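This is what each chain is made of:
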Amino acid sequence: MKTSDHTPHASGFTPVDHRTAVAAETARFVAAVRDADLAAAVPSCPGWTLADLVKHTGSVQRWFSVLLRARIQEPPRSRDVDLRLPEQEDGYADWLAESATVAADAFAATDPNQPMWAWGADQYARFWARRMLFETLLHRADAELALGLRPAIERPVAVDGIDEFLVNLPFAGFFAPKVAELRGPDRTIRFRATDGDEGWVVRLRPDGFGLDAAHPATAAADATVRGTAADLLLLVYGRLSYDAKALAHEGDEQLLAHWFANSAF
């Protein structure tokens, strides 16, 4: 069995073992919420409490684990999963920890290079481990933000997460319908890491949008946002605004406003 979930989309970046990182991120999430008031609101997920956040994340981990074990080859027709959710919320932290164990068992039983249906670009089992990682990480960050903490995100993981988000966003329309609005007359947005050499250019075309890997690193973009990889990850997911103090932006502000109004999920 292969031991890495590193995908070809992140070529040139430091490889991330997504399966191991899921366990680490879940442990951080559990530590943040174990003694917290689970009725507390989560401002970055309007209408949700910490209990909702924990239930959602653990449910996603268990749902993806079912898909991995089934090695699905077409879109699933049902989302029914035995969540084993405890009746009392004081058991939610332990339940979330157990969800990561369920995921680890599914990872151990599945070659990450096994062909599988996936809703994004990478039609292999590794897609689901990578997606699970960033679902877990972002909601861990949501929990910490709700508790007044500043989320710490390891730089290689943040870089991989930005890439994962931008690669898969064009395929997300069935659950994020606003991405259909991300069109334009050949306009470009650059995301540039200030704590490394990484950069991503998204091109909006009349028929859609996507990463433009051929855009020269030295060529100008119509709009640019700069920040650390961790802050850029929070930005693309809508947890930071492009005009936040931690970030710098230049160029077509209307283009940036249009992108961020329609891209987060």
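Residues numbered from 1 in each chain as written. Predicted model: local features only at pLDDT ≥ 70, side-chain atom pairs only at ≥ 80, totals over all residues. Heavy atoms only, no water.

**Student:** Lay out the packing of helix 1 (residues 18-33) against helix 3 (residues 92-108) with the relevant residues and their values.
**Tutor:** The N-to-C vectors of helix 1 and helix 3 enclose an angle of 175°; their axes lie 9 Å apart at closest approach. When the axes of helix 1 and helix 3 are compared, the pair comes out roughly antiparallel. Along its contact with helix 1, which presents Arg 19, Val 22, Thr 26, Phe 29, Val 30 and Val 33, the element helix 3 presents Ala 93, Leu 96, Ala 97, Ala 100 and Phe 107. Split into classes, the residues belonging to the contact of helix 1 with helix 3 amount to nine nonpolar, one polar and one charged. (Axes fitted to C-alpha atoms, helices over the stretch in contact; angles between N-to-C directions. Helix = DSSP H or I, 4+ residues; strand = E, 2+ residues; numbered from the N terminus. Parallel < 35°, antiparallel > 145°, perpendicular 65-115°, else oblique. Contact = heavy atoms within 4.5 Å. Nonpolar A, V, L, I, M, F, W, Y, C, P; charged D, E, K, R; others polar.)

**Student:** Got a sec to walk through a negative patch on the surface? Specific residues and values, please.
**Tutor:** There is a patch of like negative charges on the surface, built from Asp 37, Asp 52, Glu 89 and Asp 90. With respect to the secondary-structure elements, Asp 52 resides in helix 2 (residues 50-70). (Patch = residues over 30% accessible without salt bridge, like charges linked within 9 Å, V, L, I, M, F, W, Y side chains within 5 Å. Areas by Shrake-Rupley, 256 points an atom, 1.4 Å probe, with all protein chains shown as cover. Salt bridge = Lys/Arg side-chain N within 4 Å of Asp/Glu carboxyl O. Lys, Arg positive; Asp, Glu negative; His and termini not counted. Charge placed at Lys NZ, Arg CZ, Asp CG, Glu CD.)

**Student:** Any details on empty space enclosed by the protein? Residues and values, ideally.
**Tutor:** Over the atoms, a rolling probe the size of a water molecule traces out where space has been left empty. This model, assessed by the stated rule, comprises two cavities of 30 Å³ or more. One number sums up the size of the largest cavity: a volume of about 50 Å³. When its residues are assigned to classes, the lining of the largest cavity shows five nonpolar, one polar and four charged. (1 Å grid on protein atoms, 1.4 Å probe; cavity = no way out; pocket = protein on both sides within 12 Å on 5 of 7 lines; lining within 4 Å. Points joined across faces, edges and corners; volume = space filled by probe spheres on them.)

**Student:** Describe the pattern of salt bridges, naming the residues involved and giving the relevant values.
**Tutor:** Evaluated as defined, the whole model comprises 22 salt bridges. Here Arg 131 and Glu 164 are joined by a salt bridge, their closest N and O atoms 2.7 Å apart. Pair noted here: Arg 131 is in helix 4 (residues 126-146) and Glu 164 is in helix 5 (residues 155-168), with a separation of 33 residues, a long-range link. Across the pair Asp 222 and Arg 187 runs a salt bridge whose closest N-O atoms are separated by 3.1 Å.

**Student:** Please give an account of the layout of surface pockets that cites residues and values.
**Tutor:** Looking at the largest pocket, its volume works out to about 630 Å³. In this structure, the largest pocket is lined by 24 residues; those nearest its centre are His 56, Arg 131, Glu 135, Phe 175 and Phe 265. Broken down by secondary-structure element, the contributors of at least two residues to the lining of the largest pocket are helix 2 and helix 4. The greatest single-element share of the lining of the largest pocket, amounting to six residues, is contributed by helix 4. Within the lining of the largest pocket, the residues separate by chemical class into 16 nonpolar, four polar and four charged. There is about 350 Å³ of room inside the second largest pocket. Gly 199, Trp 200, Val 201, Ala 213 and His 215 are, among the 13 residues lining the second largest pocket, the residues nearest its centre. For the lining of the second largest pocket, the secondary-structure elements that each account for two or more residues are strand 1 (187-193) and strand 2 (199-205).

**Student:** Tell me what's going on with the side chain of Asn 168, and back it up with residues and numbers.
**Tutor:** Take Asn 168: it is sitting in helix 5. One polar contact links the side chain of Asn 168 to the main-chain amide nitrogen of Ala 121, over a distance of 3.0 Å. Those residues within four positions of Asn 168 in sequence are excluded, and the remaining contacts are Trp 119, Gly 120, Ala 121 and Phe 127. (Polar contact = N/O pair within 3.5 Å; in protein donor to acceptor, adjacent residues only side chain to side chain.)

**Student:** With reference to specific residues and values, describe the environment of Ala 106.
**Tutor:** Considering the arrangement of structural elements, one finds Ala 106 in helix 3. A relative accessible area of 0% means that Ala 106 is categorised as buried. Along the backbone, Ala 106 and Ala 70 are 36 residues apart, and their C-alpha atoms lie at a distance of 9.7 Å. Among residues more than four places away in sequence, those in contact with Ala 106 are Ser 65, Leu 68 and Arg 69. (Buried < 20%, exposed > 50% of the residue type's maximum accessible area, 1.4 Å probe, protein only.)

**Student:** Tell me about the pairing of strand 3 (residues 208-211), and name the residues and values.
**Tutor:** Pairing analysis gives four bridges linking strand 2 to strand 3, with the strands arranged antiparallel. Within strand 3, the residue paired with Arg 205 across the bridge is Gly 208. The loop that links strand 2 with its antiparallel partner strand 3 comprises two residues. (Pairing = 2+ DSSP bridges.)

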